[in-house]
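Listed below are the residues making up each chain.
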Amino acid sequence: MDGDRVPSGDSMHRFILGCASVAGVTVIAVVIGLLLGAVKCIVPMNLASYGVGKRTGAFLAWERSNLTSCKVRRFCCRLNRFPPFVRSWVKENTCCGMFLLILLFGFGVTLMCAGVKYIYGGSGAEEPYRVDGEYSQFTLLTMTYDARLWNLKMYVKHYSRCSSVKEIVVVWNKGIPPKLSDFDSAVPIRIRVEPKNSLNNRFKMDAFIRTRAVLELDDDIMMTCNDIERGFMVWRKHPERIVGFYPRLIDGCPLKYRAEKFARSHNGYNMILTGAAFVDSHYAFRRYWADDVKPGRDLVDNYFNCEDVLLNYLYANSSTARTVDYVKPAWAIDTSKFSGAAISKDTRAHYRIRSRCLEKFSKMYGSLTGRKWEFGSREDGWDL
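Reading the values: the criteria
- For every chain, the first residue of the written sequence is number 1, and numbering continues from 1 onward in sequence order.
- Where local features are concerned, this predicted model is filtered to residues with pLDDT of at least 70; where side-chain atom pairs are given and counted, the filter is 80 or more; whole-chain, interface and lining totals use all residues.
- With hydrogens and water set aside, each side-chain value is computed from the structure's full complement of heavy atoms.
- Strands here mean DSSP runs of E at least two residues long; helices mean DSSP runs of H or I at least four residues long; both are numbered from the N terminus.
- Burial here depends on accessible area, computed with a 1.4 Å probe over protein chains only, as a share of the maximum for the residue type. Under 20% is buried, over 50% is exposed, and the range in between is partly exposed.
- Only heavy atoms enter the contact rule, under which two residues are in contact if any of them lie within 4.5 Å.
- Residue-level accessible areas treat just the shown protein chains as cover; the underlying method is Shrake-Rupley with a 1.4 Å probe.
- Working note: the arc is built from the helix axis to C-beta atom directions.
- The pLDDT value tells you how sure the predictor is about a given residue, anywhere from 0 up to 100.
- The nonpolar core is taken to be a set of buried Ala, Val, Leu, Ile, Met, Phe, Trp, Tyr and Cys residues, with the residues joined through side-chain atoms within 4.5 Å.
- Here, patches come from residues exposed beyond 30% relative accessible area and free of salt bridges, joined within 9 Å for like charges and within 5 Å for nonpolar side chains (Val, Leu, Ile, Met, Phe, Trp, Tyr).
- The term salt bridge refers to a pairing of a side-chain nitrogen on Lys or Arg with a carboxyl oxygen on Asp or Glu at a separation within 4 Å.
- When charges are counted, Lys and Arg contribute as positive and Asp and Glu as negative, whereas His and the chain ends are disregarded.
- For the purpose of locating charges, the reference atoms are NZ of Lys, CZ of Arg, CG of Asp and CD of Glu.
- Angular values range over 0 to 180 degrees, each being the angle between N-to-C directions of two axes fitted as lines to C-alpha atoms, with helices fitted over their stretch in contact.
- For classification, angles of less than 35 degrees are called roughly parallel, those exceeding 145 degrees roughly antiparallel, those between 65 and 115 degrees roughly perpendicular, and all remaining angles oblique.
- Here a crossing is called left-handed whenever its near helix is offset anticlockwise from the far helix by less than a right angle, and right-handed whenever the offset is clockwise.
- Under the grouping applied here, Gly and all other residues not named as nonpolar or charged are polar, the nonpolar ones being Ala, Val, Leu, Ile, Met, Phe, Trp, Tyr, Cys and Pro and the charged ones Asp, Glu, Lys and Arg.
- Pairing of aromatic side chains requires ring centres within 6.5 Å, counting the rings of Phe and Tyr and the six-membered ring of Trp. Pairs whose planes differ by under 30 degrees are stacked, by over 60 edge-to-face, and all others tilted.
- The term polar contact refers here to a pair of N or O atoms within 3.5 Å; inside protein, the definition further demands a hydrogen-donor-capable atom paired with an acceptor-capable atom, and it admits residues adjacent in sequence only when both atoms are side-chain atoms.
- Any pair of cysteine sulfurs within 2.5 Å is marked as a disulfide.
- What makes two strands pair is DSSP finding at least two bridges between them.

J.: Help me get a handle on the overall build of the chain, residues and values and all.
T.: Per the secondary structure count, the chain includes 13 helices and 11 strands. By the burial criterion, 44% of the 384 residues in the chain qualify as buried. The long-range fraction of contacts in the chain, counting pairs at least 24 apart against all pairs at least 6 apart in sequence, stands at 77%. When the accessible surface of the chain is summed, it comes to about 20,600 Å², and 60% of that surface belongs to carbon and sulfur atoms.

Pasting the structure below:
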């Protein structure tokens, strides 16, 4: 295990694998050149340079090794004499030749990437970011059920390798919970079985969570550890905000829930979806379960939707300052598309319900309209 708790293997072993990969690329390049006739192996009859002054004894001894040089010349001559039928396969105007060249080229690129990764890539763990010269950690929390176990296993294996993850908490809403031995995790993992299948369980107060920062991250979202680390650094600078990766703009009359494209077209946002967001567990969970929020929680249970919308309203109307921050991920993959276990598969119906939530929450807790923060407003440039 290295400093980031990620199994990285022996450093010398990784270096040898990297050098072997680079050597393989060199061989492939030479083979392609020989097949195309663009490379010829030529060994001069005499590699010594005359008339350049006195030669050293070592150089003269090497020059006299005629037997070795003859063998090298013979080997190179044989390489130059590829059978005509082999060279006919790699003519650029034939499908067979093009396929072989593309195959060799692709294999060479793969080997080169592997070589660079082994030599310079370390363990593959992303370096955490410092804030005021210090590191910190957060709890990763996800909510799921039995039909999404395939997603969850891949999720745990990937995110447990992220540097700043202290613990993974799985909120199990429905079905028979898995065993801890079912997961390949580099950090402690805890399964919290809930008696009721409710989306409100996402923000349930948990005395066993030992970090102030909690990353609420759906089990069907895959993104790089570096994006997670960047989001965590932004949150540490502004722990009073919801810092996440999916922005929305709530505006217009009547209120209508729209996708990120709407926020981009209006160059601003006032909501961050908590399917992928950092929150302050001390504040967010207590506020969400306050007595005056019970009507909102009941609405979440009735619609089986909108728990993230509710939390944004609670944040926004408890302060006049900025309450959300966006970090753009390099890439994100929705793995539920592969398993067919997506919760909100019908987008139109999903958006229709969330539009109703906007209207009701605006009456209960105040409006979000009039609040907007532009993309690219931070100096780090991570919110473009």
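J.: Residues and numbers for helix α6 (residues 149-159), please.
T.: Buried within α6 are the following residues: N151, L152, Y155, V156 and Y159. Around the axis of α6, the buried residues are gathered within 125° of arc, so they sit on the same side.

J.: Break down the confidence of the model for the chain for me, with residues and values.
T.: Per-residue pLDDT for the chain averages 83, and the proportion of residues at 70 or more is 77%. Put simply, helix α2 (residues 57-63) is where the chain has its lowest mean pLDDT, 52, and strand β6 (residues 242-244) is where it has its highest, 98. A low-confidence stretch, residues 47-53 (pLDDT under 50), is modelled with 8 contacts involving residues beyond four sequence positions or located in other chains.

J.: Outline the nonpolar core, listing residues and values.
T.: Grouped together as the largest cluster of nonpolar side chains are 44 residues, with contacts concentrated most on Y313 and F361. Looking at this core, the element that brings in the most residues is helix α11 (residues 307-316), giving 7 residues. Those residues within four positions of F361 in sequence are excluded, and the remaining contacts are G296, L299, V300, C306, V309, L310, Y313 and G366. Core analysis: the second largest hydrophobic core is formed by 34 residues, Y159, I168, I189 and L215 among them.

J.: How would you explain a positive patch on the surface if you had to name every residue and give the values?
T.: Side chains of R348, R352, R356, K360 and K363 sit close together on the surface and give a patch of like positive charge. Here K363 falls in the exposed class, since its relative accessible area comes to 75%.

J.: Quick rundown of the packing of α11 against helix α13 (residues 347-365)? Include the residues and the values.
T.: It is the contact of α11 with α13, at a shortest axis distance of 10 Å, that shows an interaxial angle of 30°. Overall, the two elements α11 and α13 adopt an arrangement that is roughly parallel. Viewed along their axes, α11 and α13 form a crossing whose handedness is right-handed. The residues of α13 that touch α11, namely those facing D308, V309, L310, Y313 and L314, are R354, L358, F361, S362 and Y365. Here the contact of α11 with α13 is composed, by residue class, of 7 nonpolar, 1 polar and 2 charged.

J.: An account of the packing of aromatic side chains is needed here, citing residue identities and associated values.
T.: Scanning the entire structure with this criterion turns up 16 aromatic pairs. Taking the centre distance of 6.0 Å and the plane angle of 65° together, the rings of Y269 and Y326 count as edge-to-face. Taken as a pair, Y269 in the loop between α8 (260-265) and β8 (271-272) and Y326 in strand β10 (residues 324-326) lie far apart in primary sequence, 57 residues in all. We classify Y326 as buried; its relative accessible area is 1%.

J.: Tell me about the side chain of D206, and name the residues and values.
T.: Along the chain, D206 turns up in the loop between β3 (189-193) and β4 (213-217). Among the polar contacts made by the side chain of D206, one reaches the side chain of R192 at a distance of 2.9 Å.

J.: Residues and numbers for the pattern of salt bridges, please.
T.: Across all of its chains, the model carries 21 salt bridges by this definition. Note that D298 and K294 form a salt bridge whose closest N and O atoms lie 3.1 Å from each other. In this pair, D298 and K294 are both assigned in helix α10 (residues 294-303), 4 residues apart and thus about one turn of the helix distant. On the accessibility criterion, D298 (32% relative accessible area) is partly exposed. Since its relative accessible area comes to 45%, K294 is described here as partly exposed. What you see here is one network of salt bridges that share partners, running through E167, R190, R192, E194, K204 and D206.

J.: With reference to specific residues and values, describe the state of the cysteines.
T.: Enumeration over the complete set of coordinates arrives at 2 disulfides. C306 shares a disulfide with C357; S-S distance 2.0 Å. Its S-S torsion of about 85° marks the bond between C306 and C357 as right-handed, since a negative value means left-handed. Placement of C306 in the loop between α10 and α11 and of C357 in helix α13 is noted, with a sequence separation of 51 residues between them. Like C306, the residue C357 is buried in the burial classification. Across the chain, the way the bonded cysteines pair up, counted in sequence order, is 1-2, 3-4.

J.: Outline the sheet that holds β10, supporting the account with residue identities and numerical values.
T.: Pairing in this open sheet of 7 strands is mixed, and the strands run β3-β2-β1-β4-β9-β6-β10 from one edge to the other. Here the strands that pair on one side only, and so sit at the sheet edges, are β3 and β10. Mean inter-strand twist for the sheet, computed between neighbouring axes without regard to direction, equals 25°. Taken together, the 2 bridges between β6 and strand β9 (residues 276-280) define a ladder with antiparallel strand orientation. Each bridged residue has a counterpart across the sheet, and for V243 the counterpart in β9 is F278. Running over the sheet, helix α9 (residues 281-288) touches β4 and β9 and is turned about 90° from β9.

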